[in-house]
Amino acid sequence: MFHEKPPRHGSSGAVGTRPEIDKGYAVKALVLQGGGALGSYQAGVYEGLAEAGIEPDWVAGISIGALNAAIIAGNAPGQRVARLREFWAHICRQPWLPSLFPYEMVAESAQHWPDPLRVWFDGVEAARALVEGQRGFFSPRLWPTGFAQPATAHTASYYDTTPLKATLERFADFDRINRPGELRVSVGAVNVRNGNFVYFDNTQIRLEPEHFMASGALPPGFPAVEIDGEYYWDGGLVSNTPLSAILKARPRRHALIFQVDLWSARGPLPHTLADVATRLKDVQYSSRTRFITDYMSEQQHFRRLLDDVLSLVPPEQRNTAAYRRAAESACDARANVIQLIYRDKPFEGSAKDFQFGPLTMGEHWTSGLDDIRDTLRHPEWLAMPPHDEPFVSHDIHRRPDAG
């Protein structure tokens, strides 16, 4: 069961009118970052998109974003929100005991506790995740792998993720995921042997549960996942955002992209070791996202400028190798990135990515739903970028009047 707080910022529920999206967009993409337990924020964002009638035609994810992508792509549009709720309700329960205390009663009360008490409550939940694992997701190994003989790539981890395969098969239809003409899906992972980052894409191969598990195989907690004789780790080790998968795809097309990030590059200066641990994760997993976003913006502007310059070349002088090479890089494709970035609660600390308690999951979900509803109250943000501005981005939390 999820415990949800009332919507923030005076939000009164769903957007009253369905936002109009420019018909010039050839791609409507949902980009989902990695972030463990914070991932239910992405599910809340998807619910808000669905209630506004916005269905992506491409979803790209890394780590927990890949697992959310599997549930979204593996169900019919009208069932996706319900299945996401079932998936998150399933994995955010610990397996050993229903609860070490009357959880439902305590959780109802904990929503209103002062921050110091809430820190204690969340700490208990995080400790249980470390000791017990999470139902249908991961379980602790009975003996540390470093002392086990023989050790293999499949067991070189603190936790066993075998239960996740059955969970994905329960909540996602993999025939639907791989059905031609359905939602395009891309998930990122890292080849352990050569260190190369790869995207598994259902337009190129058949995606199975192992591809999504590989995207979330963060060492040393989780083991590498074998696919066709190669072993893969969490894509977040190299890049925690799959934005480049959308913008580098050929042919390049006008794209509206909802980028849902779980780590904020901006944050307060830490004053304690606990603050340092929290801020370290934010910087580690968000800095690459900011770099890629800035880089792709520069690339879009360069391609637009090159396209303008090539238009000045007389037709009779265009039949040259240099012109053809330049023309391959030039394009008029424009990208509109709607950013939704999870903002920490005052009581959250460095365990926020493995604190899977149902209360916290519901709060993350509600935050995502609130943020996308607030965002869609600015329908002008969905407009096609102008010709001279091929890459634009919008973020509800960077408005001057944002709370």
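Residues numbered from 1 in each chain as written. Predicted model: local features only at pLDDT ≥ 70, side-chain atom pairs only at ≥ 80, totals over all residues. Heavy atoms only, no water.

**Re the UniProt feature "short sequence motif: GXGXXG" (unreviewed entry) in the chain**
Here comes step 1: Taken from the UniProt record, the annotation "short sequence motif: GXGXXG" (unreviewed entry) applies to residues 34-39.
Here comes step 2: Helix makes up 0% of residues 34-39 and strand 0%, and the two end C-alpha atoms of the span are 7 Å apart. (UniProt positions renumbered as here; feature names shortened; annotations may be inferred. Helix = DSSP H or I, 4+ residues; strand = E, 2+ residues; numbered from the N terminus.)

**Considering the packing of helix H3 (residues 80-91) against helix H6 (residues 162-171)**
For any two helices packed against each other, one specifies the crossing angle of their axes together with the interaxial distance.
Here comes step 1: Running from N to C, H3 and H6 point in directions that differ by 155°, and their axes come no closer than 10 Å. In terms of axis orientation, H3 runs roughly antiparallel to H6. For the element pair H3 and H6, the recorded crossing hand is right-handed. Residue-level contacts link Arg 83, Glu 86, Phe 87, His 90 and Ile 91 of H3 to Thr 167, Arg 170 and Phe 171 of H6.
Here comes step 2: Residue composition of the contact of H3 with H6, by class: three nonpolar, two polar and three charged. (Axes fitted to C-alpha atoms, helices over the stretch in contact; angles between N-to-C directions. Parallel < 35°, antiparallel > 145°, perpendicular 65-115°, else oblique. Left-handed = near helix turned anticlockwise from the far one by under 90°. Contact = heavy atoms within 4.5 Å. Nonpolar A, V, L, I, M, F, W, Y, C, P; charged D, E, K, R; others polar.)

**Details of the layout of surface pockets**
Here comes step 1: If you add up the space inside the largest pocket, you get close to 650 Å³.
Here comes step 2: Of all the secondary-structure elements, those providing two or more residues to the lining of the largest pocket are helix H2 (64-73), helix H5 (115-132), helix H8 (209-215) and helix H10 (273-310).
Here comes step 3: Looking at the lining of the largest pocket element by element, the count peaks at three residues for H10.
Here comes step 4: Every residue lining the second largest pocket is counted, 20 residues in all, and those nearest its centre are Pro 268, Thr 278, Asp 282, Asp 344 and Glu 348. (1 Å grid on protein atoms, 1.4 Å probe; cavity = no way out; pocket = protein on both sides within 12 Å on 5 of 7 lines; lining within 4 Å. Points joined across faces, edges and corners; volume = space filled by probe spheres on them.)

**Describing the pattern of salt bridges**
Here comes step 1: The final tally for this structure, using the stated rule, is 19 salt bridges.
Here comes step 2: One salt bridge connects Glu 363 with Arg 118, and the closest N-O pair in it is separated by 2.7 Å. In this pair, Glu 363 is assigned in helix H12 (residues 358-376) and Arg 118 in helix H5, connecting sequence segments 245 residues apart.
Here comes step 3: The exposure class assigned to Arg 118 is buried, which follows from its relative accessible area of 1%.
Here comes step 4: Across the pair Asp 374 and Arg 377 runs a salt bridge whose closest N-O atoms are separated by 3.0 Å.
Here comes step 5: A network of salt bridges, in which partner residues are shared, links Arg 118, Asp 122 and Glu 363. (Salt bridge = Lys/Arg side-chain N within 4 Å of Asp/Glu carboxyl O. Buried < 20%, exposed > 50% of the residue type's maximum accessible area, 1.4 Å probe, protein only.)

**So, empty space enclosed by the protein**
Here comes step 1: Here the structure, examined in full by the defined rule, presents one cavity of 30 Å³ or more.
Here comes step 2: Approximately 100 Å³ is the volume found for the largest cavity.
Here comes step 3: As for the largest cavity, its lining consists of 13 residues, and the residues nearest its centre are Ile 246, Leu 247, Arg 252, Arg 253 and Ala 255.

**A short note on unusual backbone geometry**
A negative phi holds for most residues other than glycine; trans holds for most peptide bonds.
Here comes step 1: With an omega of -5°, the peptide bond running from Pro 219 to Pro 220 counts as cis.
Here comes step 2: Relative to the elements of secondary structure, Pro 220 occurs in the loop between H8 and strand E7 (225-227).
Here comes step 3: That bond from Arg 250 to Pro 251 is cis: its omega, -10°, falls within 30 degrees of zero.
Here comes step 4: Turning to its location among the elements, Pro 251 is positioned in the loop between helix H9 (243-247) and strand E9 (255-261).
Here comes step 5: The backbone of Ser 63 sits at a positive phi, close to 60°, despite the residue not being glycine.
Here comes step 6: The exposure class assigned to Ser 63 is buried, which follows from its relative accessible area of 12%.
Here comes step 7: Phi at Asp 228 is positive, roughly 50°, even though this residue is not glycine.

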